[in-house]
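Examination of the molecular architecture
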Amino acid sequence: MGLRTRLLLLVMVPIIPALVLAVRGNLELRRLESLRIQADASRLAQLAAADQRGTIDSARQHLAAMARLPEARGTNIATFDAFFANLLKVYTDYADFGLQETNGALVSSSFGHLPDPAFAEAPHVERLRRHKDFVIGQLRPGTASRKAGLVCAHPVFDTGGRLVRILFAVIDHETLHRTAANSQLPEGGVLQVFDDAGQLLAQRPPPAPGGSSASAVTDLLQFVKDRPSEVRMHTDTEGTTRLVTFTDIRGLGGPKLRVVVGIPVSAAFQEISAALIRNLLILAGVTLAAMLVARAYADSAILRPIRQVTRAAERLAQGDWNARTGMARVPADLREYVEAFDTMAESLQRQRLASLQSEEEIRRLNSSLEDRIAERTRQLEQSNRELESFSYSVSHDLRAPLRHIDGFVSMLQRDGTSTLSESGRRYLGVIADAAKRMGRLIDDLLEFSRMGRKDLEKEQFPMATVVDAALAELAGDIPPRAITWRIDPLPEVTADPALIKQVWLNLLSNAIKYTRLRADACIQIRCTQPLPNEFEFAVQDNGTGFDMKYVHKLFGVFQRLHRAEEFEGTGIGLANVRRIIVRHGGRVWAESAVDQGATFYFTLPRQTETSTPNVASAPAANHAAPPTPTIDPQPPSYG
């Protein structure tokens, strides 16, 4: 994230609380306005219910007055028809007047006394017989000759107080709509009046021309049905959201009438939303202005000096050691930074000059050093050639006397046997054995010398094939005795197969030699992988073993832990093993106890390193690495 972006975000920090306050204030205004609308909706519902109740009370008064007339209990049907027809002309808010028997049979009406079975079974008849008081029925549908309207009924009693007839009036449906239209509702408000069957008695705005005023249950009726009388938010099928409340008209001798009022919230919240938009636009303008000022300040006071320092740093990186910022007027906060850069550039220039001088001196020294190295290399090569000539010369000079000794001893043993005593013949045998041992010792020393100079020729091969080859080569030297061989599966390794074969020859010949006193000789070869990057091989026998306090002498030249009279050997074999394994980057050590056999270990890297590690490096887990061998003036011997 860049510095300019950080400054712009810093400018936004004080704007965010103002934005939060504006939104919270608008939400609080909406809450208060919602409470006001709820109160208005409840008040308007009560007023609309009062208007509708006034219309119904007027019908009650008319019917109560007519019920006290003696004619209501008379039998002159023609007089009733004329009376009700004239009454309908006087009270234009009604759709019909009439008289019924207590069983609902029509006696007379403003439209004659033709029987109407459906009207006889209307709900107001049963309600009036039960309550014997003024009751409201349901919406009476209109016909070709009659208008639709709400039925109201009043009992007619005889002088003994017995119910004898039912006097009814039908309030014109249009009258109910006009009463609803007189209600004071805000723009977009809705008022609907339903009877107990869910039929629409009145509404505002009035129904569309040709629409049925007695339609089925409307969307608002379904919303308030079986709900407590409280203000709720409702969205109709046209997407208009209103606060809806209702009230019931009770005490009419029958089921209640329900008056539902809905007030749209969009108009009420329009001014509040406009105020929020104004506040947000003001905040946006202030934020934009602050961001522009912050951007301009960041460019002039911060980014410009930083860009100049960056360009100077780039010139310096390209090798222009004279690069400087060159800024004289810098803000106080950045002056130290700019001066530090110029100081650093001057220091780098001085160091560069010193470095050039040092490089020239190094080149001069390298030139002389290369000459000295070439001379020393030539001398070393000459020394190696002389050492090799000396080794072969020594070998030849030592072998000539040995051949003479061996030859004359052989002749004495052949020609002078009859003249020599038993002791003399034994002495000759000792001399012959000593000469042979000396010859083997010379051969082993030469082999040991060549082992350190021979180049490694590494390749990948199965270790089992090398072990099999070593055992086949040793088969001719194994005396005719029983040996139990236990050879575990062996992996493929990367090493010099000829040198590794020499390792196995030395280790296996030792195991064969030092188990010769065992009737049940057992030699085991195994391989483990204690570490992910190396193999650990082991040769274990149940032979004579050795004392672990002399283990540090085991891998030294001429070091033997057994006497020559017991086991033959020159003390060079294990030294060769150590040299070969170390050159491969591995380790070698041994564990044993007197008369309990011995185990010789060596490791090979899974990918042999080119460098030669120290032989005294730590061995694998649970094994002790042999220390650097030392020469004991009188060491016990081991081959």
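Since the model is a prediction, treat every value here as computed from it, not as a measurement.

**Details of the overall build of the chain**
- Each helix and strand in the chain was counted, giving twelve helices and 17 strands.
- Within the chain, counting contacts between residues at least 6 apart in sequence, those at least 24 apart form 65% of the total.
- Only carbon and sulfur atoms are counted for the fraction: they give 56% of the accessible area of the chain, which is about 35500 Å².

**Regarding the pairing of strand E6 (residues 190-194)**
- Most of E6 is tucked away: five of the five residues are buried.
- As judged from the five bridges shared by E6 and strand E10 (residues 257-264), these two strands associate in the antiparallel manner. Note on E10: the bridge partner recorded for Phe-194 is Arg-258.
- As paired strands, E6 and strand E7 (residues 200-204) are joined by four bridges and run antiparallel to one another. Paired with Gln-192 across the bridge in E7 is Gln-203.
- Between the end of E6 and the start of E7, which pair antiparallel, lie five residues, with Gly-198 showing a positive phi angle near 85°.

**Focus on the environment of Asp-158**
- In this structure, Asp-158 sits in the loop between strand E4 (149-157) and strand E5 (163-172).
- In this structure, the C-alpha to C-alpha distance between Asp-158 and Arg-68, residues 90 residues apart in sequence, is 9.6 Å.
- Ignoring anything within four residues of it in the chain, the contact list for Asp-158 reads Arg-73 and Val-164.
- Within the local environment of Asp-158, its side chain forms a polar contact with the backbone nitrogen of Arg-162, the two atoms lying 2.6 Å apart.

**Concerning unusual backbone geometry**
- One non-glycine residue, Lys-132, lies in positive phi territory at about 55°.
- The residue Lys-132 is located in the loop between helix H4 (123-131) and strand E3 (135-140) in this model.
- Owing to a relative accessible area of 44%, Lys-132 belongs among the partly exposed residues under this scheme.
- For Asp-595, which is not glycine, the phi dihedral falls at a positive 65°.
- Here Asp-595 shows up in the loop between strand E16 (588-592) and strand E17 (598-605).

**Describing the packing of helix H11 (residues 497-514) against helix H12 (residues 573-583)**
- Where H11 meets H12, the closest approach of the two axes is 9 Å, and the angle between their N-to-C directions is 145°. Crossing geometry of H11 relative to H12 is assigned as left-handed. Each of Leu-499, Ile-500, Gln-502, Val-503, Asn-506, Leu-507 and Asn-510 in H11 lies in contact with H12, whose residues at this interface are Gly-573, Leu-574, Asn-576, Val-577, Ile-580 and Ile-581.
- Each residue belonging to the contact of H11 with H12 can be placed in one class, and the counts come to eight nonpolar, five polar and no charged.

**Brief notes about the sheet that holds strand E2 (residues 106-109)**
- Spatial strand order, E2-E1-E5-E4-E3: five strands in an open sheet with antiparallel pairing. In this open sheet, the two strands that pair with only one neighbour each are E2 and E3. Taking the axes of each pair of neighbouring strands and ignoring which way they run, one obtains an average angle of 25° across the sheet.
- Pairing geometry for strand E1 (residues 94-101) and E2, over three bridges, is antiparallel. Note on E2: the bridge partner recorded for Gly-98 is Ser-109.
- Packing of helix H5 (residues 173-181) onto the sheet brings it into contact with E3, E4 and E5, and relative to E5 it is tilted by some 55°.

**Some points on H12**
- Burial analysis of H12 places eight of its eleven residues in the buried class, the great majority of the element.
- Buried residues of H12: Leu-574, Ala-575, Asn-576, Val-577, Arg-578, Ile-580, Ile-581 and Val-582, and no others.
- At the C-terminal side of H12, Gly-585 shows a positive phi close to 85°.

**Overview of the packing of aromatic side chains**
- Within this structure, the stated rule accounts for eleven aromatic pairs.
- Here Trp-504 and Phe-537 contribute two aromatic rings whose centre-to-centre distance is 6.2 Å and whose plane-to-plane angle is 85°, an arrangement assigned as edge-to-face. Taken as a pair, Trp-504 in helix H11 and Phe-537 in strand E15 (residues 534-541) lie far apart in primary sequence, 33 residues in all.
- With a relative accessible area of 0%, Trp-504 lands in the buried category.
- On the basis of relative accessible area, Phe-537 is assigned to the buried category, the value being 0%.
- Ring centres of Phe-537 and Phe-602 lie 5.2 Å apart, and the angle between their planes is 20°; this geometry places the pair in the stacked category. Here the residue Phe-537 occupies a position in strand E15, and Phe-602 occupies one in strand E17, the gap between them amounting to 65 residues. For the pair Phe-537 and Phe-602, one class covers both residues: buried.
- Aromatic rings pair up to connect Trp-504, Phe-535, Phe-537 and Phe-602 into one cluster.

**Some details on the side chain of Ser-109**
- For Ser-109, the position within the fold is in strand E2.
- With residues near it in sequence (within four places) discarded, Ser-109 still touches Asp-81, Phe-84, Asp-96, Phe-97, Gly-98, Arg-146 and Phe-168.

**Describing the confidence of the model for the chain**
- Looking at the chain as a whole, its pLDDT mean stands at 76, while 76% of the residues score no less than 70.
- Residue range residues 211-217 is modelled with pLDDT below 50. Its contacts to residues more than four positions away, or to other chains, number twelve contacts.
- Counting interchain partners and residues more than four positions distant, the pLDDT-below-50 stretch residues 608-639 has 73 contacts.

**Structural notes on the pattern of salt bridges**
- Applying the stated rule across the entire model yields 14 salt bridges.
- Among the ionic pairs, Arg-165 bridges to Glu-101, the shortest N-O distance being 3.7 Å. On the criterion of sequence distance, the pair formed by Arg-165 in strand E5 and Glu-101 in strand E1 is long-range, its members being 64 residues apart.
- Judged by its relative accessible area of 9%, Arg-165 is buried.
- The partner of Asp-172 in a salt bridge is Lys-147, with the nearest N and O atoms 3.7 Å apart. Here the residue Asp-172 occupies a position in strand E5, and Lys-147 occupies one in the loop between E3 and E4, the gap between them amounting to 25 residues.
- Under the relative-accessibility criterion, Lys-147 is labelled exposed at 52%.
- The network of salt bridges with shared partners includes Asp-96, Arg-140 and Arg-146.

Conventions used here
Residues numbered from 1 in each chain as written. Predicted model: local features only at pLDDT ≥ 70, side-chain atom pairs only at ≥ 80, totals over all residues. Heavy atoms only, no water. Helix = DSSP H or I, 4+ residues; strand = E, 2+ residues; numbered from the N terminus. Contact = heavy atoms within 4.5 Å. Areas by Shrake-Rupley, 256 points an atom, 1.4 Å probe, with all protein chains shown as cover. Buried < 20%, exposed > 50% of the residue type's maximum accessible area, 1.4 Å probe, protein only. Pairing = 2+ DSSP bridges. Polar contact = N/O pair within 3.5 Å; in protein donor to acceptor, adjacent residues only side chain to side chain. Axes fitted to C-alpha atoms, helices over the stretch in contact; angles between N-to-C directions. Left-handed = near helix turned anticlockwise from the far one by under 90°. Nonpolar A, V, L, I, M, F, W, Y, C, P; charged D, E, K, R; others polar. Phe/Tyr/Trp six-rings, centres within 6.5 Å; stacked < 30°, edge-to-face > 60°. pLDDT = per-residue confidence, 0-100. Salt bridge = Lys/Arg side-chain N within 4 Å of Asp/Glu carboxyl O.

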